[in-house]
Amino acid sequence: MLRFNSFNPIAQLIYFTAVLLVSMFTWNYIILLLSLLGAAAYCVLQKGFKVFLKSFFGYALIFLLVTVTNPLFSHKGVTPLVFINDIPITLESIVYGAVLGLMLLSVILWFSVFNSVFDSEKLIYIFGRMLPRLALLFSMVLHFVPKFISVFKRTLSAQSDFYGKNKFRQYIGAFSSSVSVMLEGSVQTADSMSSRGYGVKKRSFYSRFPFTKADALFLVLTLALLTGVLTAQITGQLDFMIYPRIILCDFSPVSMLGIADFGTLSFMPFIIELKEELVWKYSLSKI
Amino acid sequence: MKTKLLILVLIVTSVLCGCSVQSPEDYYDSSPLKDGIEVIVSINCSTVLNNMDMLESGLEGYVPNDGVILKPTYITLNENATAYDALSEACRQNKLQLEYQGTGADIYIEGIANLYEFSCGQLSGWEYCVNDVFPSVGCNSYDLQDGDTVKFLYTCDLGADIGNEFTGE
């Protein structure tokens with residue numbers, strides 16, 4: 001099995017950096033749309049359509065908010081659609097807001113993919129040698145939040161009738177006791193770590209992430225595709241203008257290549273996962 | 001739940017009642033005032049022509065060849081109209097884009113006809129003069145007299161290139 005999840009963390013980190021950098025700094029609606037679709041497709045394949053749709057509604061609200069607020073504050077552009085109190089609402093500022101919202105949406109989605117792929121073990125694998133203490137601290141902090149939530153939920157359900165019907169007092173009580181549980185836990189962790197000899201000697205590492213040929217191929221492909229996008233970006237082939245008049249980006253061979261490259265790049269996790277799903281499906285015994 | 005909904009509906013309706021919504025045609029074609037004071041308004045950006053290398057890319061097509069965005073035009077205004085009123089009325093009658101910041105006496109002109117402050121270098125922006133004198137107040141605090149000549153000029157050098165050098169006072 002070769003899931004996207006099981007690639008070497010370094011290759012994955014470089015992949016995510018490439019996609020996020022391009023999504024954040026390329027001001028091109030096609031690139032952003034492809035980025036959004038790539039992330040969404042991977043999320044759907046991983047979590048299922050219904051779960052994805054639920055979280056997507058919240059993100060789509062951000063998109064709508066940006067699209068609606070930008071024309072309220074910016075009145076640039078040559079095509080006024082409507083005048084409200086003698087102030088024009090222009091088509092250009094709505095489009096600007098929409099592109100900005102699209103960028104936010106795609107970056108948020110990519111970060112959610114990043115979160116689901118990158119666990120604390122991978123973080124320690126990458127940063128453990130360079131910054132061992134910081135990496136350990138960071139992974140412990142990351143661990144703290146979900147643990148606190150689960151402790152809080154358990155406390156709340158155990159104390160459900162403790163404070164009568166007053167919901168506020170219920171939550172405050174549960175909060176206070178879960179904080180003390182977590183503090184106690186951290187003291188125990190510290191004790192346990194020092195009794196096992198943490199900090200006595202330099203730490204040795206065991207990692208279960210070999211760098212295989214598939215990783216090398218993935219990395220080379222990522223960098224090659226990134227170069228294609230960056231070439232199109234640096235030569236200005238991906239530029240498009242909103243103010244004062246919308247001028248769509250022109251489709252030259254270089255820009256087409258850049259867009260195709262980025263499309264492949266953003267759909268790569270999806271393609272890898274889909275291929276594995278299909279292989280798995282067809283290799284099942286038919287008996 | 002019901003009260004919350006009611007409050008929301010009330011807020012939305014009150015906001016909508018405070019707004020006048022007009023289509024661009026209605027806005028541009030509403031007839032100008034018949035009587036009142038008469039002033040001459042002109043808008044000029046010829047300083048950009050000497051600094052084309054600093055102009056934001058994409059704006060080249062929006063600078064007129066002679067730099068005249070609005071040639072001197074008679075505008076009829078109310079008795080106590082300000083320089084800002086003259087500009088906004090002139091822009092409306094000639095279908096020019098206009099964006100400003102602030103309200104009341106603090107109105108600051110950001111851009112006219114898609115030419116904005118900082119569009120042509122870090123020292124660029126719009127200034128105005130009345131009868132060839134640059135007032136040191138905002139354009140919505142300057143009351144116009146009958147027969148005044150109001151010029152809105154684009155500067156690329158903090159006023160030095162249009163005869164209003166900034167002395168730091």
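Description of the structure in this document. Worth saying up front: this structure is predicted, and the values here are computed from it rather than measured.

1. Regarding the overall build of chain B
And step 1. The helix and strand inventory of chain B stands at three helices and eight strands.
And step 2. Each helix and strand of chain B, placed in order from N terminus to C terminus, yields the pattern α-β-α-β-β-α-β-β-β-β-β.
And step 3. Viewed in the frame of its principal axes, chain B has a C-alpha envelope of about 65 × 40 × 35 Å.
And step 4. When the 169 residues of chain B are sorted by exposure, 41% land in the buried category.
And step 5. Across chain B, contacts joining residues at least 24 apart in sequence account for 65% of those joining residues at least 6 apart.
And step 6. Counting only carbon and sulfur atoms, one obtains 54% of the accessible surface of chain B, whose full area is about 9700 Å².
And step 7. For chain B, the distance from the average site of its 7 positive side-chain charges to the average site of its 25 negative ones is 17 Å.

2. Quick look at the interface of chain A and chain B
And step 1. The interface of chain A with chain B comprises 17 residues on the first partner and 18 residues on the second.
And step 2. Of the roughly 1400 Å² buried where chain A meets chain B, counting both sides, 57% is carbon and sulfur surface.
And step 3. The interface formed by chain A and chain B holds zero salt bridges in total.
And step 4. For the side of chain A that touches chain B, a count of residues per class yields ten nonpolar, four polar and three charged.
And step 5. As paired elements, strand β1 (residues 80-84) of chain A and strand β1 (residues 21-22) of chain B share two bridges and run antiparallel to each other. Directly across from F83 of chain A, in β1 of chain B, lies its bridge partner Q22 of chain B.

3. Brief notes about a negative patch on the surface
And step 1. Negative charge collects at one region of the surface, where D35, E38, E79 and D146 of chain B lie side by side.
And step 2. What makes E38 of chain B partly exposed here is its relative accessible area of 37%.

4. Examining the layout of surface pockets
And step 1. Considered as a void within the structure, the largest pocket measures approximately 790 Å³ in volume.
And step 2. F83, D86, I87 and P88 of chain A together with L98 of chain B are, among the 35 residues lining the largest pocket, the residues nearest its centre.
And step 3. The greatest single-element share of the lining of the largest pocket, amounting to six residues, is contributed by helix α3 (residues 83-93) of chain B.
And step 4. Its residues assigned to classes, the lining of the largest pocket shows 18 nonpolar, ten polar and seven charged.
And step 5. There is about 630 Å³ of room inside the second largest pocket.
And step 6. Around the second largest pocket sit 24 residues that line it, and Y108, W126, E127, Y128 and N164 of chain B are the ones nearest its centre.

Reading the values: the criteria
- Residues numbered from 1 in each chain as written.
- Chains lettered and ligands numbered in written order.
- Predicted model: local features only at pLDDT ≥ 70, side-chain atom pairs only at ≥ 80, totals over all residues.
- Heavy atoms only, no water.
- Helix = DSSP H or I, 4+ residues; strand = E, 2+ residues; numbered from the N terminus.
- Buried < 20%, exposed > 50% of the residue type's maximum accessible area, 1.4 Å probe, protein only.
- Contact = heavy atoms within 4.5 Å.
- Areas by Shrake-Rupley, 256 points an atom, 1.4 Å probe, with all protein chains shown as cover.
- Lys, Arg positive; Asp, Glu negative; His and termini not counted.
- Charge placed at Lys NZ, Arg CZ, Asp CG, Glu CD.
- Buried area = accessible area lost by both parts, 1.4 Å probe.
- Salt bridge = Lys/Arg side-chain N within 4 Å of Asp/Glu carboxyl O.
- Nonpolar A, V, L, I, M, F, W, Y, C, P; charged D, E, K, R; others polar.
- Pairing = 2+ DSSP bridges.
- Patch = residues over 30% accessible without salt bridge, like charges linked within 9 Å, V, L, I, M, F, W, Y side chains within 5 Å.
- 1 Å grid on protein atoms, 1.4 Å probe; cavity = no way out; pocket = protein on both sides within 12 Å on 5 of 7 lines; lining within 4 Å.
- Points joined across faces, edges and corners; volume = space filled by probe spheres on them.

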